[in-house]
Amino acid sequence: MLTLLLWGGGTPLRAEEQRELIETDLLIVGGTESGCAAAIQAARMGVGSITIVNDIEMLGGQFTAESLVAIDENRPPSGYGHGVPFPRAGLFKELMDRIEEINTEKFGHPRPGNTHVITTALPRDAEQAFRDLLAPYIQETKQIRIISNRYPIKVHVSQGAENPEVTGVTFASTQNEDDPLFIQARIVIDATDWGDVIRLSGASYEFGPDLKEKYGEPLAPEKREGYPLTDMNPITYNMLIEETDEYKPIPKPASYDIRNYETNNYPKDPAYIYKARRIIDHYGFPDIQHPDVILLCFAPCDYPLDILPQSVVQALEATEPGASRKNIVEMNREQRSIVFENAKQHSLGYLYYLQTAVHDQMQDQQHSFRRFKLLDQFGTSDQLPPKPYIRESLRLHALHMLKQQETTGVNNDALNFADSMFHDGIACFQFEYDFHPTQRIFLEENNPAGPWRNAFRKGRTWGPPYSGLSLFPARSLIPRNRERLLGAQKNLGYTSIVSSAVRLHDQCMAIGQGIGAVAAVAIHTQQKLHEIPYQTAAMEPIWNALCTRAGDVEPAMLWPWRDLEPDHPAFVAVNQLSIRRLLPIVPTEVTFRADALADENWKKEVLEITQKQFKTHELKLPEGELSRGEFAIQWWNAMQRYSFSFPQNNLSDDQDGDGLVDTDDPLPYTPGISSWPDWKPDPQTDGLPDASDSARTLIKQFNFAGPETSPVEGFLLDSGEQFQTEKGYGWQETLRGQHRNRGQSTDTLKETFVFTRNHAVWECALPKGTYHVSFCVGDSAHEQMGQNVTVENQSVLKEIDTRQGVFREESLQIEVMDGHLTIEIGAPESSTNTCLNWLRIEQ
């Protein structure tokens, strides 16, 4: 609805803001993938008027305007090349199906990149897929309208309520500064790149590294020193390059300095660079009639934001004193553009480096980067994407701040469900806690005008560790101190560490789809956003709308079962029952096995859970032999007669009575902070020593770890030093430097180890006699394959594998005959790690 009337509520409009006013039910600021997904979901739920305002023409965020067209998806701990941890679902699957249709039409292959990720696309094709999904709601139902080339300059907030309400946004035009537009809305979603609506609204937000004292995260730094508030996951200007018949480098960038890249040249192998993010592979698919296209998005292009080059500092200070010391989320558009321009030149310098210095060293120059030119997919004068790849934005101070320890797999095992599986989950995810290099180091001392390289900060590196199979809660979308506003894209309620694991294409779309459902329920019911995550009557319509089967709509995933495809007849029933906890679920059993026989014990467990939830004994189990999926379908159908509700204990601010007020409690309806309070790991695989047997005398205990590891009471620290007679223990050859501290929990004994990739011998001086020896091998952050341990010439472990976070503990009785206990780890011909965590000697 377009009017020229003045808006009568909230903050008064100045004359220059009164030129044009639009009223809409749902205003989505930002045409990112999260914003598009929210719009489509809200339209499917019947929201009558939805307006997307985008600052450029191109829709699709990472898929398009940021040119990250080697499409990243949820990833299991086994890494690239091992599929996804759970199937594609929901709007993301619909989009990917459309992209693969377009690829097939153009290239004859749905996945023409033949590369490390599953699916690739050209940016224009990816944008076409977005517009195809939006089209029915723009052209047919006319629920969605898109306004391009506008950016927010003011957010209007009504005062007087407990939480001030966002009522609208004023936009400036990128093409005509003297043309403001005001949009009044019932709900506003901030799907911008940098959280500008949140910032302008006065909603509280965070940025930069969180210290450990704030959220208690294992990977968080202890002190601010070395971790400035400007430290962010870096931006990257991605480059799409296309093969030609000419060996012609791009023009040399004016600021090019080869030292920027010689000292920062990971990955080094040109063949890896060529293959790892290839978008079109006409050599692997000879029938493709299109030259090779490669995405350059590697670490040498990463542009840290902690401190900036002198030229950038000077240009920023000219706009505003102190601008160069701001975190980028607090800069204005002009200031960010200064940073972006320098980041572009840095990326172009990397391409020039590949086309010159690297080309000159290549023996096989058929695949030399000198044969490539920048591919024009964006209509920009420099042929670069209109936006950098943005990994981290501001973080909304939300009803719940999602933390590392909540998303870590149970028992520190990423193959398990996460420790906190939230009652208000709206989307699923799994990825590593993944930072690209966040630190800029100038190569010449005290010369910020000189060459530089990027580097990692401790605890802020690419993974592992990985998260577990996790849920994203609705509470992490909702600001604590504003109403009628939702965060989206990368402007969400999580810590910096968790933001590094929740930034991929499919995650942004799945969460965006959930955001659209939350907004639709708020609009239809006129319920306050702050109330929705705690109201069953609000969450059930959200779940039902997200995970439903209707026409060509793909149901979204509500619970991260690894083996349940959306086209399985039981997909909807199993997900709906799971999110309501109406099925028996244990954290280590992450496959549902829908086609397996439903045994009687399992069915009885389902019945007991359901009777407890609905406080009824009239329910009866379906008769006959059924698969687990068939049983779930019948059971879900039977549940339609009952009213599901979250547990209540009539306490106003602590529903589960665990001493944590609901606003600080990740699980307000489950005592404690774990969804699995009754589950216990196998003591033989938890990586921790059992209590010492009172019938035995403790002689010595050793923690194998780096020299800076904090002492563990009762344990001697062995950091890989050679045997010393005065100490009485050590290695035949030093293993100093071959130690790790994963730091994923406070249990030092299982987080640390000394390792060898071949063969190492350790000895401890002991009197002749009989001893009981216990030890542990494994790695809290990695799967370790082919480990070997021999004790006093007895082969105790031979070629054994340990999963990430799952350990192997062994105990045995041995005879010491020569005055030394001898332990060998690894094997002479081995090429895999053996990781020794701790050792206990008793008599």
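All of the points below concern the structure found in this document. (Residues numbered from 1 in each chain as written. Predicted model: local features only at pLDDT ≥ 70, side-chain atom pairs only at ≥ 80, totals over all residues. Heavy atoms only, no water.)

With respect to the overall build of the protein
Assigned secondary structure in the protein consists of 17 helices and 32 strands. The C-alpha atoms of the protein give a radius of gyration of 29 Å, which matches the 28 Å a tight globule of 843 residues would have. Dimensions of the protein along its principal axes, counting C-alpha atoms only, are 95 × 80 × 55 Å. In the protein, which comprises 843 residues, the proportion classed as buried is 61%. Of the contacts made within the protein by residues no fewer than 6 positions apart, 72% connect residues no fewer than 24 positions apart. With an accessible surface of roughly 32800 Å², the protein has 47% of that area assigned to carbon and sulfur atoms. Treating the 78 positive side-chain charges of the protein as one cloud and the 117 negative ones as another, the clouds have centres 3 Å apart. (Helix = DSSP H or I, 4+ residues; strand = E, 2+ residues; numbered from the N terminus. Rg over C-alpha atoms; globule rule 2.2 N^0.38 Å. Buried < 20%, exposed > 50% of the residue type's maximum accessible area, 1.4 Å probe, protein only. Contact = heavy atoms within 4.5 Å. Areas by Shrake-Rupley, 256 points an atom, 1.4 Å probe, with all protein chains shown as cover. Lys, Arg positive; Asp, Glu negative; His and termini not counted. Charge placed at Lys NZ, Arg CZ, Asp CG, Glu CD.)

Remarks on the sheet that holds strand β23 (residues 729-731)
What the five strands build is an open sheet, ordered β23-β26-β31-β28-β29; its pairing is antiparallel. Every other strand in the sheet has two partners, leaving β23 and β29 (794-802) as the edge strands with one partner each. Geometrically, the sheet is characterised by an average inter-axis angle of 15° between neighbouring strands, direction not taken into account. (Pairing = 2+ DSSP bridges. Axes fitted to C-alpha atoms, helices over the stretch in contact; angles between N-to-C directions.)

What to know about the packing of aromatic side chains
Within the structure shown, the criterion is met by 34 aromatic pairs. Their ring planes at 70° and their centres at 6.1 Å tell us that F753 and F755 sit as a pair that is edge-to-face. Using a relative accessible area of 13% as the deciding quantity, one classes F755 as buried. Clustering of aromatic rings is evident, with ring pairs tying together F417, W559, W561, F592, W602, F631, W635 and W676. Geometry around Y303 places R440 over its ring, the cationic atom sitting 4.4 Å from the centre. Over the ring of W602 we find R628; its NZ or CZ atom is 4.4 Å from the centre of that ring. (Phe/Tyr/Trp six-rings, centres within 6.5 Å; stacked < 30°, edge-to-face > 60°. Lys NZ or Arg CZ within 6 Å of the ring centre and 35° of its normal.)

Looking at helix α16 (residues 628-639)
Between the first and last C-alpha of α16 there are 16 Å, a value that for twelve residues agrees with the 16 Å anticipated at 1.5 Å per step. Burial in α16 covers these residues: R628, G629, F631, A632, W635, W636 and M639. The arc enclosing the buried residues of α16, seen along the axis, measures out at 155°, which places them on a common side. Tucked inside the fold, the buried residues of α16 contact α13 (536-546), α14 (571-579) and α15 (600-614). (Expected span 1.5 Å × (residues − 1). Arc of directions from axis to C-beta.)

Let's talk about the sheet that holds strand β10 (residues 239-243)
Reading across the sheet, the four strands line up as β11-β12-β10-β14 and stay open at both edges, with antiparallel pairing between neighbours. This sheet does not close on itself; its edge strands, each paired only once, are β11 (278-280) and β14 (372-374). Ignoring strand direction, the axes of neighbouring strands in this sheet form an average angle of 30°. Across four bridges, β10 lies against strand β12 (residues 293-296) in antiparallel orientation. Residue L240 lies in a different strand from β12, and its bridge partner there is L295.

Focus on empty space enclosed by the protein
To find the voids left in a structure, one rolls a probe of water-molecule size over its atoms. Counting across every chain of the model gives four cavities of 30 Å³ or more. For the largest cavity, the lining is made up of 20 residues, of which F86, P87, A89, D506 and A510 are closest to its centre. Sort the elements by how many residues they give to the lining of the largest cavity and helix α12 (residues 505-525) lands first, with four residues. Taken together, the residues of the lining of the largest cavity break down into 13 nonpolar, four polar and three charged. (1 Å grid on protein atoms, 1.4 Å probe; cavity = no way out; pocket = protein on both sides within 12 Å on 5 of 7 lines; lining within 4 Å. Points joined across faces, edges and corners; volume = space filled by probe spheres on them. Nonpolar A, V, L, I, M, F, W, Y, C, P; charged D, E, K, R; others polar.)

Re the packing of helix α2 (residues 90-107) against α12
Where α2 meets α12, the closest approach of the two axes is 7 Å, and the angle between their N-to-C directions is 130°. Between α2 and α12, the angle is such that the two are oblique. The residues of α12 that touch α2, namely those facing G90, L91, F92 and L95, are H505, D506, M509 and Q513. (Parallel < 35°, antiparallel > 145°, perpendicular 65-115°, else oblique.)

Focus on α14
Burial of α14 is extensive: nine of the nine residues sit out of reach of the surface. For α14, the full list of buried residues reads F571, V572, A573, V574, N575, Q576, L577, S578 and I579. Taken together, the buried residues of α14 touch β16 (425-429), β19 (470-473), α13 and α16. Looking at the residues trailing α14, positive phi occurs at R581, about 60°.

Some details on the pattern of salt bridges
Where charged atoms from two side chains of opposite charge come close, those side chains can pair. This structure, assessed with the given rule, holds 51 salt bridges. Linking E222 and K212 is a salt bridge whose minimum nitrogen-to-oxygen distance equals 3.6 Å. Of the two residues, E222 sits in the loop between α5 (212-215) and β9 (235-236) while K212 sits in helix α5, which places them ten residues apart along the sequence. Accessibility expressed as a relative area gives 25% for K212, which makes it partly exposed. For the salt bridge of R742 with D779, the shortest nitrogen-to-oxygen distance reads 2.9 Å. Of the two residues, R742 sits in the loop between β24 (739-741) and α17 (748-751) while D779 sits in the loop between β27 (769-777) and β28 (784-791), which places them 37 residues apart along the sequence. Shared partners join several salt bridges into a network, and the residues in it are E206, D210, K214, D231, D306, E392, R395, R457 and R460. (Salt bridge = Lys/Arg side-chain N within 4 Å of Asp/Glu carboxyl O.)

Describing the pairing of strand β6 (residues 165-173)
Taking burial as the measure, the nine residues of β6 include nine buried ones, the bulk of the element. What sits between the antiparallel neighbours strand β5 (residues 150-158) and β6 is a turn of six residues, in which G160 has the positive phi angle 105°.

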